[in-house]
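Listed here are the chains, written in short residue letters.
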Amino acid sequence: MTMKKKLIYIHLALMAFVLTTITACAFKGYKFNGASIDYTKTKTIQINDFPIRSSYVWGPMGPLFNNALKDEFANHTRLVQVKRNGDLKIEGEIIQYTQRNKSVSSEGYSAQVELTMTVSVRFTNNVNHKEDFERQFSASQTYESTQNLNSVQEELVTQMTKDLVEQIFNATVANW
């Protein structure tokens, strides 16, 4: 057998191994998007709307966050979203939305402002209560102080929301 044929057989064997591994993981309920859910035991999720408890708010922030959180689970899991009695339950509040000076220019003025959003999350796993938790997640974005917050706020809150939703998803169903 020539060296070229040996390499072809090794390549085919390696591809078969990789495909078998991928298929085996998919049947176990593990997905490459990070979710590790045993769908034979966990079928539903209840995601309550997060009210805003922060003293400083931006009106669209609540609906933007709540919709993004529900969309993340709808798009990346096979869990059915229910109004109550879910196998998994996520609830909480948006507890902080603040801005602070992050850096100072050589003239002594604020050069950058950091916007931070913090949510408090209570996660209940009614299938395995050992995974229950209550904790806070935060995300920040920075903008130049020469910019008006109103002109960048939607983009910054959207990015912070994306980051927060990813953190919550990973903490609840990805077991990271």
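In this text, all values refer to a predicted model and were calculated from it rather than measured experimentally. Residue indices begin from 1 for each chain and proceed along its sequence in written order. Residue-level local features of this predicted model are given only where pLDDT is at least 70; pairs of side-chain atoms are given and counted only at 80 or more, and the full residue set underlies all totals for whole chains, interfaces and linings. Side-chain measures here rest on the full set of heavy atoms in the structure, leaving out hydrogens and waters.

Trainee: Quick question: what am I supposed to make of the overall build of the chain here?
Mentor: A helix here means a DSSP run of H or I that spans at least four residues, while a strand means a run of E at least two residues long, and both kinds are numbered starting from the N terminus. Regarding its fold elements, the chain presents three helices and five strands. Reading the chain from its N end, one meets helices and strands in the order α-β-α-β-β-β-β-α. Accessibility here uses a 1.4 Å probe with only protein chains present; expressed as a share of the type maximum, an area under 20% marks a residue as buried, one over 50% as exposed, and anything in between as partly exposed. In the chain, buried positions account for 35% of the 176 residues. Residues are treated as being in contact if the distance between any of their heavy atoms lies within 4.5 Å. The long-range share in the chain, meaning contacts at least 24 apart out of those at least 6 apart in sequence, stands at 68%. Only the protein chains shown count as cover for residues, and the accessible areas themselves come from Shrake-Rupley with a 1.4 Å probe. Of the accessible surface of the chain, which amounts to about 11,100 Å², a share of 53% is contributed by carbon and sulfur atoms.

Trainee: What am I meant to see in the environment of Ile95 here?
Mentor: Following the sequence through the fold, Ile95 ends up in strand S3 (residues 88-104). Taking the relative accessible area as the measure of exposure, Ile95 reaches 29% and is therefore partly exposed. Beyond its immediate stretch of four places on either side in the chain, Ile95 contacts Arg53, Ser54, Thr118, Val119, Ser120 and Gln136.

Trainee: What should I look at first to understand unusual backbone geometry in this one?
Mentor: The general pattern is negative phi for most residues beyond glycine and trans for most peptide bonds. One non-glycine residue, Asn85, adopts positive backbone phi at about 60°. For Asn85, the position within the fold is in the loop between strand S2 (80-81) and S3. Judged by relative accessible area, Asn85 falls into the exposed class, the value being 67%.

Trainee: Looking at this structure, I do not really get helix H3 (residues 149-174). What am I missing?
Mentor: Three or four residues apart is the spacing at which side chains of an α-helix point the same way, because the helix has 3.6 residues per turn. In this scheme, the bend at a residue equals the angle between the axes fitted to the seven residues that finish there and the seven that begin there. The largest bend along H3 reaches roughly 25° and is located at Glu155. Among the residues of H3, the N-terminal cap falls to Asn148, whose side-chain oxygen and the backbone nitrogen of Asn150 are separated by 2.8 Å. Under the rule applied, a polar contact is a pair of N or O atoms within 3.5 Å (in protein, one hydrogen donor and one hydrogen acceptor; residues adjacent in sequence only if both atoms are side-chain atoms).

Trainee: Looking at this structure, how should I read the sheet that holds strand S1 (residues 44-47)?
Mentor: Adjacent strands of a sheet form backbone hydrogen bonds with each other and so pair up, either parallel or antiparallel. Here, a strand pair is defined by DSSP locating no fewer than two bridges between the strands. The five strands are arranged S2-S1-S3-S4-S5 in an open sheet whose pairing can be described as mixed. With partners counted over all chains shown, the strands left at the sheet margins are S2 and strand S5 (133-144), one partner each. Across 12 bridges, the pairing between strand S4 (residues 110-125) and S5 is antiparallel. In the strand pairing of S5, Val113 is matched with Tyr143. All axes here are fitted lines through C-alpha atoms, helices being fitted over the stretch that makes contact, and every angle between N-to-C directions spans 0 to 180 degrees. The sheet strands contacting H3 are S3, S4 and S5, and the helix crosses S5 at an angle near 150°.

Trainee: I would appreciate a short explanation of the nonpolar core in the present structure.
Mentor: Nonpolar side chains tend to gather and get buried jointly when the protein is soluble and globular. What makes a nonpolar core is a set of buried Ala, Val, Leu, Ile, Met, Phe, Trp, Tyr and Cys residues whose side-chain atoms join them at distances within 4.5 Å. If you look at the biggest cluster of nonpolar residues, it comprises 36 residues, and the most contacted ones within it are Phe65, Leu69, Met117 and Val119. Listed by contribution, the elements that provide at least two residues to this core are S1, helix H2 (61-76), S3, S4, S5 and H3. With 11 residues, H3 is the largest single contributor of residues to this core. Ignoring anything within four residues of it in the chain, the contact list for Val119 reads Phe50, Phe65, Glu93, Ile94, Ile95, Arg135, Gln136, Phe137, Leu164 and Ile168.

Trainee: How should the side chain of Glu91 be read in this particular structure?
Mentor: Structurally, Glu91 can be placed in strand S3. Among the polar contacts listed, one links the side chain of Glu91 to the side chain of Asn48, at a separation of 3.5 Å. Here Glu91 is in contact with Asn48, Phe50, Ser120, Val121 and Arg122, once residues within four sequence places are set aside.

Trainee: What am I meant to see in the packing of H2 against H3 here?
Mentor: Helix packing geometry: the angle between the two helix axes and the distance between the axes. Closest axis-to-axis distance for the H2/H3 pair is 9 Å, and the angle between their directions is 45°. Comparing the axis directions of H2 and H3 gives the class oblique. Seen along the crossing, H2 lies across H3 with a hand that is right-handed. Facing Met61, Leu64, Phe65, Ala68, Leu69, Glu72, Phe73 and His76 of H2, the residues of H3 in contact are Val157, Thr158, Thr161, Leu164, Val165, Ile168, Phe169, Thr172 and Val173. Throughout this description, any angle smaller than 35 degrees is read as roughly parallel, any larger than 145 degrees as roughly antiparallel, any in the 65 to 115 degree range as roughly perpendicular, and the remainder as oblique. Left-handed is the label given to a crossing in which the near helix is rotated counterclockwise from the far helix by less than a right angle, and right-handed is the label when the rotation is clockwise.

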